[in-house]
Amino acid sequence: MSDDVLSWVRIDAASSVPPFEQLRVQILDAANEGRLAVGTRLPPVRALAARMGLAVNTVARAYRELEQAEVVTTRSRAGTVIAAAGDNGKRRVAEAARIFADSVRANGLDPKEALTYVETALRLR
């Protein structure tokens, strides 16, 4: 594994977006765009945290959320590798959107008001 696999990742300390989320999104985007191919080994949590000046728990949370979305897989000796291009995550979001839209219609909520709920929820994350 090359130490520079994630050398392009940048964390903006002044951002309102938490560092783990900035890291997660950058890795996810790179997987979706093919910049991180399936099978690419990511740096170990402790090594990446030390290199970026982040807490170990910050990097671990980003990796854990990527693993839950099936974008990466972690194997004890093999480390964390890109498992998919994020398609599973997109599929789940599309399904969640469909369920939300059904709920909006079933409850007679105005679509514009429903979108306000989504926008608020996205800002709170």
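To start, this report covers the structure provided alongside it. In this text, all values refer to a predicted model and were calculated from it rather than measured experimentally.

### Here's the deal with the overall build of the chain
Here comes step 1: A count of helices and strands for the chain gives 5 helices and 2 strands.
Here comes step 2: Taken from N to C terminus, the helices and strands of the chain fall in the order α-α-α-β-β-α-α.
Here comes step 3: By principal-axis analysis of the C-alpha atoms, the chain measures approximately 55 × 30 × 25 Å.
Here comes step 4: By the burial criterion, 30% of the 125 residues in the chain qualify as buried.
Here comes step 5: Of the roughly 8000 Å² of accessible surface on the chain, a fraction of 54% belongs to carbon and sulfur atoms.
Here comes step 6: The chain carries 18 positive and 15 negative side-chain charges, and their two centres are separated by 5 Å.

### With respect to the packing of aromatic side chains
Here comes step 1: Under the definition given, this model contains 0 aromatic pairs.
Here comes step 2: Here the guanidinium or amino end of R35 rests over the ring plane of W8, the centre of that ring lying 4.9 Å away.
Here comes step 3: Positioned above the aromatic ring of F20, the side-chain terminus of R61 is 3.7 Å from the ring centre.

### Remarks on helix α5 (residues 111–124)
Owing to its 3.6 residues per turn, the α-helix aligns residues three or four sequence positions apart on the same side.
Here comes step 1: Taking 1.5 Å of rise per residue, the 14 residues of α5 would be expected to cover 20 Å, and the 20 Å separating its terminal C-alpha atoms lies within 8% of that figure.
Here comes step 2: Where α5 begins, the side chain of D110 points an oxygen toward the backbone nitrogen of K112, at a separation of 3.1 Å.

### Some points on the pattern of salt bridges
Here comes step 1: Evaluated as defined, the whole model comprises 6 salt bridges.
Here comes step 2: R35 serves as the salt-bridge partner of E33, at 2.9 Å between the closest nitrogen and oxygen.
Here comes step 3: On the basis of relative accessibility, which here comes to 55%, the residue E33 falls in the exposed class.
Here comes step 4: As a salt-bridge pair, R98 and D102 come within 2.8 Å of each other at their nearest N and O atoms. Here R98 and its partner D102 are both found in helix α4 (residues 87–106), 4 residues apart, which amounts to about one turn of the helix.

### A short note on unusual backbone geometry
Here comes step 1: Even without glycine at this site, E70 takes up a positive phi of about 65°.
Here comes step 2: Along the chain, E70 falls in the loop between α3 (56–68) and β1 (72–75).

### What to know about the nonpolar core
Here comes step 1: Grouped together as the largest cluster of nonpolar side chains are 22 residues, with contacts concentrated most on L6, I27, L36 and L42.
Here comes step 2: Broken down by secondary-structure element, the contributors of at least two residues to this core are α1 (19–33), α2 (45–52) and α3.
Here comes step 3: It is α1 that provides the largest number of residues to this core, a total of 6 residues.
Here comes step 4: With sequence-adjacent residues up to four places away left out, I27 is seen in contact with L6, L36, L42, Y63, L66 and I82.

Quick notes on the rules
Residues numbered from 1 in each chain as written. Predicted model: local features only at pLDDT ≥ 70, side-chain atom pairs only at ≥ 80, totals over all residues. Heavy atoms only, no water. Helix = DSSP H or I, 4+ residues; strand = E, 2+ residues; numbered from the N terminus. Buried < 20%, exposed > 50% of the residue type's maximum accessible area, 1.4 Å probe, protein only. Areas by Shrake-Rupley, 256 points an atom, 1.4 Å probe, with all protein chains shown as cover. Lys, Arg positive; Asp, Glu negative; His and termini not counted. Charge placed at Lys NZ, Arg CZ, Asp CG, Glu CD. Phe/Tyr/Trp six-rings, centres within 6.5 Å; stacked < 30°, edge-to-face > 60°. Lys NZ or Arg CZ within 6 Å of the ring centre and 35° of its normal. Expected span 1.5 Å × (residues − 1). Polar contact = N/O pair within 3.5 Å; in protein donor to acceptor, adjacent residues only side chain to side chain. Salt bridge = Lys/Arg side-chain N within 4 Å of Asp/Glu carboxyl O. Core = buried A, V, L, I, M, F, W, Y, C linked by side-chain atoms within 4.5 Å. Contact = heavy atoms within 4.5 Å.

Without other data, these values stay purely geometric and don't point to any function.
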